[in-house]
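Next come the chains, spelled out residue by residue.
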Amino acid sequence: MIHPTAIIDPSAQLATNVKVGAYAIIGAEVNIDNGSVIEPHVVISGPTQIGKNNHFYQFGSIGAAPQDKKYRDEPTRLVIGDNNTFRENVTVNRGTTQDRGVTTIGDNNWIMAGVHIAHDCVVGNHTVFANATALAGHVIVEDYVILGGYTLVHQFCSIGAHSFCGMGSVISQDVPNFVVVSGNLAQPRGVNLEGLKRRGFDSEQLSLVKKAYRNLYRNGFRLEQAIVEINALNDKKGTLDGLIRFLQNVDRGIVR
C-alpha cells in the first residue's frame, strides 16, 4: 500500500489500508485514517488530522505553514473530515494563532484542481470548489455551497449554506444562504432554486426562500428590518433558521 519511494516521517500515523503513491511525502505529526489514498508527489505536512476515505491527487500541498507574515512556527493544525476529494495541485494551509489556530474541512467535499484554501478557513460539508478557486484567510464556507471556477473570496468573508457563486466571481462581502451571486464584484442574481430542489426542498419551502430573498434585496429594507421580516416568515420546519442565524452574524455586510 506504500510505494517504496514514498517518505514517511516516523511520527506520522497511517491506518493499515492507507495507500501512498510514489514520491509522496508524509511529514511529522500527520494522522491519516482508514481508506485514504495519497497519489504520487503529494506533500502532507503536520500537525494534520485526516479522516476516512479521502483522496488526494498528485502534486497537492496539504497542511503547509500559513502564508501569513505574522506566523512564527507556532504549532497550528489542519483538520480534514471524511470522504473528501482533493484534485491536482490543491493547496491547504494550517491555521494561525491570531485566529482559531486550525483550518477545518468537513465531509464529502469536492475540491477541484488548483484550489487554494488559506489559513483558519472553515469549510463545511458537501461543497464543490471548481478549478482555481481561492479562499483567503479566515473564510467560512457553509454546507452545500458551490463556488464556480476562478472564484476569489476576500479574507474574513462568510458564504452561507446552499448558495451558488458563478465562475470568476470576486467576493468581498458575505453571501447569504440560498443566494446566487456572480460578477466582479459579486452581486446577487436570484435564488439557487435548482440546487434546493435537488436537495429535497418542497414547493412551500421554495416559496418561503423566494419571499425571504425579496425581503433581503427587493423591498428596500435595511438589513436589521429584513431580518425581522424574514423571521416572521419562518415555518415550523425552520426552513429559514440558517439564513436568520447567518444574517444576525454578518460582519462585512452582504453582497448587494
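Residues numbered from 1 in each chain as written. Predicted model: local features only at pLDDT ≥ 70, side-chain atom pairs only at ≥ 80, totals over all residues. Heavy atoms only, no water.

**As for the pairing of strand β27 (residues 187–191)**
At step 1: The pairing of strand β26 (residues 179–182) with β27 spans 4 bridges and is classified as antiparallel. In the strand pairing of β27, V181 is matched with P188. (Pairing = 2+ DSSP bridges. Helix = DSSP H or I, 4+ residues; strand = E, 2+ residues; numbered from the N terminus.)

**Concerning the sheet that holds strand β3 (residues 19–20)**
Note on sheets: strands pair through backbone hydrogen bonds, and any given pair is parallel or antiparallel.
At step 1: Taken in spatial order, the 10 strands line up as β3-β6-β9-β12-β15-β18-β21-β24-β26-β27 in an open sheet, and their pairing is mixed. Each edge of the sheet is formed by a strand with only one pairing partner; in this case those strands are β3 and β27.
At step 2: Sheet strands in contact with helix α2 (residues 203–217) are β26 and β27, and its direction is about 155° off that of β27. (Contact = heavy atoms within 4.5 Å. Axes fitted to C-alpha atoms, helices over the stretch in contact; angles between N-to-C directions.)

**Comments concerning unusual backbone geometry**
At step 1: A cis amide bond, omega 5°, links G46 with the succeeding residue P47.
At step 2: Within the secondary structure, P47 is located in the loop between β7 (43–44) and β8 (48–50).
At step 3: Between N184 and L185 the backbone carries a cis peptide bond, its omega angle lying at 0°.
At step 4: Looking at the element boundaries, L185 is found in the loop between β26 and β27.
At step 5: Look at N53: it is not a glycine, yet its phi comes out positive at around 60°.

**Things to note about the nonpolar core**
At step 1: The biggest cluster of nonpolar side chains holds 63 residues, and the ones touching the most others in it are I38, I44, I117, F129, L135, I159 and L247.
At step 2: For this core, the elements supplying multiple residues, two or more each, are β5 (30–32), β11 (77–80), β26, α2, α3 (223–233) and α4 (241–248).
At step 3: Residue contributions to this core peak at 6 residues, all from α2.
At step 4: Setting aside residues up to four positions removed in sequence, F129 forms contacts with W110, I111, M112, V115, I117, V123, L135, V141 and L147. (Core = buried A, V, L, I, M, F, W, Y, C linked by side-chain atoms within 4.5 Å. Buried < 20%, exposed > 50% of the residue type's maximum accessible area, 1.4 Å probe, protein only.)

**Observations regarding the pairing of β11**
At step 1: Here β11 shows one buried face, formed by L78 and I80, and one open face, formed by R77 and V79.
At step 2: Pairing geometry for β8 and β11, over 3 bridges, is parallel. Directly across from T48, in β11, lies its bridge partner L78.
At step 3: The pairing of β11 with strand β14 (residues 102–105) spans 4 bridges and is parallel. Residue pairing across strands places R77 opposite V102, the latter belonging to β14.

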